[in-house]
Amino acid sequence: MPQHKKYIIANWKMNPETLGQAKKLLNGIIDHTTQKENIELVICPPHVFLCLASEIKGVIFGSQNIFWEDKGAYTGEVSAPMVKDAGARYVIIGHSERRRHLGETDASVSLKIQACLKNKLQPVVCIGENERNQEEEVKKRFHAALLGIKKDDLKKIVLVYEPVWAISGNSGGAAASFDDALSGLLFIRKLLVKMFDTRAANTVRILYGGSVDSGNASVFTRKVGFDGVLVGNASLNKNEFVKLVKSI
Ligand code: PGA
């Protein structure tokens, strides 16, 4: 069964440029939305802005990435205990932009998921194909990500079906159609059932990501049946994002 609660996870990527702008955007969102029991609103700003978590209430924070070790000689990296201490509860793992520009691999994705679970953070794992109709690619990423995951841990994991071709930053990127999104959702549920069983598969939350906006968010959550959405570009515009949250 899909979860009753709907998740809206904002991926700010490498935006905005200053702490002041980040604060303004967050306050603007909070002023116009209220945390409701059936909505989990999570903002994932760049790491340097996670300090806002101790100052701004009324929103849940997430990180956009972590390194898999807890501490050590890994220049430039940030660990799970660090983002947790800063106030994050979720971590986006395996985003296609990290795979493309920053050398993220299936192996590092798996290690990072394990680091999240060990540190009681919820991994938000992105799985999607580069081109339309490449189910094998989704399958490969799915299996690599869930390698070694215990059935009992499935409820702590959020999967995102994020077809790379649908991400707004990619040239010509436009949201997946109802049919494409539904196929992606059913395919991932089927993989979960095969790997575990129906009961365990139904404990995993599955979100959609890729050009989500205020006009289509509720199509993905209410009509297609996703447990929520991962929102990039539309989460950077206060009015658009507030409208999106209200639509869900
Ligand atoms: P988009 O980005 O909503 O701008 O397409 C989503 C994402 O990359 O997480």
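Here's a quick rundown of the structure. Everything numeric in this text was worked out from a predicted model, so none of it was measured.

Residue position: Asp 106 is located in helix α4 (residues 106-118). Using a relative accessible area of 18% as the deciding quantity, one classes Asp 106 as buried. Here Arg 99 takes part through its side chain, which lies 2.9 Å from a polar atom of the side chain of Asp 106. Every residue in contact with Asp 106, bar those within four places of it in the chain, is listed here: Arg 99, Lys 140, Arg 141 and Ala 144.

Our focus in this paragraph is the pattern of salt bridges. When their charged atoms lie close together, side chains carrying opposite charge are able to pair. Evaluated as defined, the whole model comprises 13 salt bridges. A salt bridge links Asp 106 to Arg 99, with the nearest nitrogen and oxygen atoms 2.9 Å apart. In this structure, the salt-bridge partner of Asp 153 is Lys 156, at a minimum N-O distance of 2.6 Å. Each of Arg 98, Glu 104 and Lys 112 takes part in a single network of salt bridges with overlapping partners.

Its 14 residues give helix α1 (residues 19-32) an end-to-end C-alpha distance of 20 Å, which sits within 8% of 20 Å, the value for a rise of 1.5 Å per residue. Among the residues of α1, Ala 22, Leu 25, Leu 26, Gly 28, Ile 29 and Ile 30 are the ones counted as buried.

Here we come to the nonpolar core. In terms of nonpolar packing, the biggest core is built from 68 residues, with Ile 8 and Leu 192 touching the most fellow members. No other element matches the six residues that helix α6 (residues 178-195) contributes to this core. If sequence neighbours within four positions are ignored, Ile 8 has contacts with Ile 39, Glu 40, Leu 41, Val 42, Val 229, Val 231, Phe 241, Leu 244, Val 245 and Ile 248. Core analysis: the second largest hydrophobic core is formed by 13 residues, Tyr 90, Ile 92, Val 158 and Leu 230 among them.

Let us look at the environment of Lys 139. Looking at the element boundaries, Lys 139 is found in helix α5 (residues 135-146). Using a relative accessible area of 29% as the deciding quantity, one classes Lys 139 as partly exposed. Sequence-wise, Lys 139 and Ile 188 are 49 residues apart; in three dimensions their C-alpha atoms are separated by 8.0 Å.

Once that is clear, we can look at the site of the ligand. Around the ligand sit 14 residues in total, of which Lys 13, His 95, Ser 168, Ser 211 and Asn 233 are the nearest. A distance of 2.7 Å separates an oxygen atom of the ligand from a polar atom in the side chain of His 95. A distance of 2.7 Å separates an oxygen atom of the ligand from a polar backbone atom of Ser 211. Here the ligand, which alone exposes 280 Å², has 99% of that area covered by the protein. Within the shell around the ligand, the residues separate by chemical class into four nonpolar, seven polar and three charged.

Turning to the packing of aromatic side chains, a few remarks are in order. How two aromatic rings sit relative to each other is given by the distance of their centres and the angle of their planes. The final tally for this structure, using the stated rule, is four aromatic pairs. Measuring from centroid to centroid gives 4.5 Å for Phe 67 and Tyr 74, while their planes differ by 35 degrees, and the two rings are tilted. Overall, the relative accessible area of 11% leaves Phe 67 in the buried class. Relative accessible area serves as the criterion here: at 36%, Tyr 74 is assigned to the partly exposed category. Residues Tyr 208 and Phe 226 carry aromatic rings whose centres are separated by 5.7 Å and whose planes lie at 55 degrees to one another, so their mutual orientation is tilted. Within this pair, whereas Tyr 208 is found in strand β7 (residues 205-209), its partner Phe 226 is found in the loop between α8 (217-224) and β8 (228-231), the two being separated by 18 residues in sequence. Assessed through its relative accessible area of 0%, Phe 226 is described here as buried. Every member of this aromatic cluster is reached through a ring pair, and the members are Phe 67, Trp 68 and Tyr 74.

Analysis parameters
- Along each chain, residue indices are assigned from 1 in the same order as the chain's sequence is written.
- In keeping with the predicted nature of the model, local features appear solely for residues at pLDDT of at least 70, side-chain atom pairs appear and are counted solely at 80 or more, and the whole-chain, interface and lining totals rest on all residues.
- As a convention, hydrogens and water are excluded, and side-chain values are obtained from all of the structure's heavy atoms.
- Strands are runs of DSSP state E lasting at least 2 residues, helices are runs of H or I lasting at least 4, and numbering of each runs from the N terminus.
- Using a 1.4 Å probe on the protein chains alone, a residue whose accessible area is under 20% of its type maximum counts as buried, one over 50% counts as exposed, and one in between counts as partly exposed.
- Any N or O atom pair separated by 3.5 Å or less is treated as a polar contact, with the protein-specific requirement of one donor-capable and one acceptor-capable atom, and with residues adjacent in sequence counted only for side-chain atom pairs.
- For this analysis, residues touch if any pair of their heavy atoms sits within 4.5 Å.
- Just to be clear on terms, a salt bridge is a Lys or Arg side-chain nitrogen sitting within 4 Å of an Asp or Glu carboxyl oxygen.
- Here the expected span of a helix is defined as 1.5 Å times the quantity of residues minus one.
- By nonpolar core is meant a set of buried Ala, Val, Leu, Ile, Met, Phe, Trp, Tyr and Cys residues that side-chain atoms within 4.5 Å join together.
- We define proximity as follows: a residue is near a molecule or strand when any one of its heavy atoms falls within 4 Å of that partner.
- Reported accessibility uses the Shrake-Rupley method at a 1.4 Å probe radius. Residues are deemed covered only where the shown protein chains occlude them.
- Any residue outside Ala, Val, Leu, Ile, Met, Phe, Trp, Tyr, Cys, Pro, Asp, Glu, Lys and Arg is labelled polar, Gly included; the first ten of those are nonpolar and the last four are charged.
- What counts as a ring pair is set by centres within 6.5 Å for rings of Phe, Tyr and Trp (its six-membered ring), and what kind of pair is set by the plane angle: stacked under 30 degrees, edge-to-face over 60, tilted for all other angles.

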